[in-house]
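# Architecture at a glance
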Amino acid sequence: MKKVLSLVLCLSMLLSLSILPALAEPVQIDYWSVFTGADGATMQSMVDEFNASQSDVFVTHTPMAADDLYQKLPLNVQTGQGVPDVTIVHIERIPNFVKQGLIYAYDLDVLAESGILPENYNSAAWERSNIGEEHYGIPLDVHSYVTYYNKDLFDKYDLNSFVEDGYLTFDEIRALGDKARAAGWEGEIFNLGWMRSQMLGYYAQTDADGKLTEDGTTPAINNEGMKKAFETIKALFKDGYTTLKNTDYSSKFYGGELLVWTEGIWMKAAAVDAGINFGMLPGVCFDPAKARSWTSSHNFVQFADENRTEEEDKAVATFINWMGEHSKVWAEKAGQCPAHVSINQVEGFKELPQAFLADPARSEELSIYSYLYWGLFDAAFSRVGWDFVDDTISIDDALQQIEQEINDAITAQ
């Protein structure tokens, strides 16, 4: 009898278990990014932490080179096969993706349900992905082309008065260079860096306000503002205040042979590894009242996929919001500046050298470009490089060449 009773109880338990609802499987999200170096490892660690933090959403991260991603995804959208649920792209690319119908606008109600609100993000980055009446990108970060200076050398040559206000002007580059040389400095003063990013930061400070087009299509950079930016750097070069063209300026800074280094915040780790005691400021300016640094932003976007479900959209929003609220590691290890404003309340963040970029009161200092034909502009502008500083090409000819190349490329499309 006891054996029979035991058997009945076991059968009852099995029956009751069989009618219980099965545990829900997590929503599977495919996430592609352009992070392939050390930042890719950092991003993967963040994805792993998100997956471990909850059981509703599971994210699979696929990093790939930006050029490969930008070539592959339009084909995937066209065929409707292999389109990721969410992707990181550079913010400059968004207008053209929208024109081609490659990405979907976000449902702001779905975003809000997950805590994603405009006021939670760096305004300069958020507003650049507003196109028409729709919103297309959620910024992970802002990353700027800034000014590093060697603190030890500034101490040695008594140059700290030039940076005590938190800015460096072009006139101060000359003055500090003269002072250091008078005291025996034999190294370099300032560098010709990544021409496109360096010059666009300066152009944004002129009366042209960094406009690349007046009508949204036709390039319009052959103007007095761009000429001012070009002429300013050419004069510094001619007068001996910059490195030569094609100089390994980063190695000079790491080796203590360069006073002021203009570079991206993403190079902070390299300066730390080199043992340099450095400070970080916005891009060199004409006037601190209108300081500007060329800035980009990695944005989460959703490429067009008719098979993506509302459940997956909500899962994506949950993931993006979590990434914004847990982005200190992105600042510490990837050298970026998170776009989620909550980073300003995270313990230890304000001590990082790039923290000033996250200050909401200074968002106007971030010069983020948005132009439908950014890719064409970038190619034409970069092709000129620093050739204008030594008269390999005149400034007038350089600007005419850039505009003509862009116009020809637009016509050829």
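### Remarks on the packing of helix α2 (residues 38–53) against helix α13 (residues 310–325)
Close contact between α2 and α13 brings their axes to 11 Å; oriented N to C, the two are set at 115°. Of the two possible hands of crossing, α2 and α13 adopt the one that is right-handed. Between α2, through Met43, Met46, Val47, Glu49, Phe50 and Ser53, and α13, the contact on the second element is made entirely by Thr318, Phe319, Trp322 and Met323.

### What to know about the environment of Met280
In this fold, Met280 is placed in strand β10 (residues 278–281). Of the residues examined, Met280 reaches a relative accessible area of 9% and is grouped as buried. Through-space distance from the C-alpha of Met280 to that of Tyr148 is 4.5 Å; in sequence the pair is 132 residues apart. When residues no more than four places from it in sequence are discounted, the contact partners of Met280 are Val146, Thr147, Tyr148, Tyr149, Ile265, Lys268, Pro353, Gln354 and Phe356.

### A short note on empty space enclosed by the protein
Counting across every chain of the model gives one cavity of 30 Å³ or more. Taken as a whole, the largest cavity spans an internal volume of roughly 50 Å³. Along the walls of the largest cavity sit Tyr145, Ser197, Gln198, Gly201, Tyr202, Thr262, Gly283, Val284, Arg292, Ser293 and Trp294, which together make up its complete lining. Mapped onto the lining of the largest cavity, the elements with two or more residues apiece are α9 (195–203) and β11 (293–296). Ranked by the residues each element gives to the lining of the largest cavity, the list is headed by α9, at four residues. Taken together, the residues that form the lining of the largest cavity break down as four nonpolar, six polar and one charged.

### Comments concerning the state of the cysteines
Evaluation of the coordinates by the stated rule reveals zero disulfides. Considering cysteine sulfurs only, Cys337 is the nearest to Cys285, which forms no disulfide, with 19 Å between them. Assessed through its relative accessible area of 0%, Cys285 is described here as buried.

### Quick word on the pairing of strand β8 (residues 141–150)
Judged by how many residues are buried, β8 sits mostly within the fold: 10 of 10 residues are covered. Side-chain alternation along β8 places Asp141, His143, Tyr145, Thr147 and Tyr149 on one buried face and Val142, Ser144, Val146, Tyr148 and Asn150 on a second face that is also buried. By the bridge criterion, two bridges tie β8 to strand β13 (residues 337–338) in an arrangement that is antiparallel. Looking at the pairing, Asp141 lines up with Pro338 of β13. As paired elements, β8 and β11 share two bridges and run antiparallel to each other. Bridging across to β11, His143 finds its partner in Ser296.

### Thoughts on unusual backbone geometry
A positive phi angle, near 55°, is found at Asp209, a position not held by glycine. Residue position: Asp209 is located in the loop between α9 and α10 (224–238). The backbone of Asp391 sits at a positive phi, close to 70°, despite the residue not being glycine. Within the fold, Asp391 resides in the loop between α15 (374–384) and α16 (395–412). Classification of Asp391 as partly exposed rests on a relative accessible area of 43%.

### Brief notes about the side chain of Arg308
The residue Arg308 is located in the loop between β12 (298–303) and α13 in this model. Overall, the relative accessible area of 10% leaves Arg308 in the buried class. A distance of 2.8 Å separates the side chain of Arg308 from the backbone oxygen of Pro84, its partner in a polar contact. Beyond its immediate sequence surroundings of up to four residues, Arg308 is in contact with Val83, Pro84, Asp85, Tyr104, Gln302, Phe303 and Asp313.

### Brief notes about α10
Taking 1.5 Å per residue, 15 residues should reach 21 Å; α10 reaches 20 Å between its end C-alpha atoms and fits that length. Three or more residues of α10 are buried, namely Gly225, Met226, Lys227, Ala229, Phe230, Thr232, Ile233, Lys234, Leu236 and Phe237. Residues of α10 that are buried in the fold lie against α8 (170–182), α9, α15 and α16. A distance of 3.1 Å separates the backbone nitrogen of Gly225 from a side-chain oxygen at the start of α10, and that oxygen is part of Asn223. Positive backbone phi, approximately 85°, marks Gly240, located one or two places after α10.

The rules behind these values
Residues numbered from 1 in each chain as written. Predicted model: local features only at pLDDT ≥ 70, side-chain atom pairs only at ≥ 80, totals over all residues. Heavy atoms only, no water. Axes fitted to C-alpha atoms, helices over the stretch in contact; angles between N-to-C directions. Helix = DSSP H or I, 4+ residues; strand = E, 2+ residues; numbered from the N terminus. Left-handed = near helix turned anticlockwise from the far one by under 90°. Contact = heavy atoms within 4.5 Å. Buried < 20%, exposed > 50% of the residue type's maximum accessible area, 1.4 Å probe, protein only. 1 Å grid on protein atoms, 1.4 Å probe; cavity = no way out; pocket = protein on both sides within 12 Å on 5 of 7 lines; lining within 4 Å. Points joined across faces, edges and corners; volume = space filled by probe spheres on them. Nonpolar A, V, L, I, M, F, W, Y, C, P; charged D, E, K, R; others polar. Disulfide = S-S within 2.5 Å. Pairing = 2+ DSSP bridges. Polar contact = N/O pair within 3.5 Å; in protein donor to acceptor, adjacent residues only side chain to side chain. Expected span 1.5 Å × (residues − 1).

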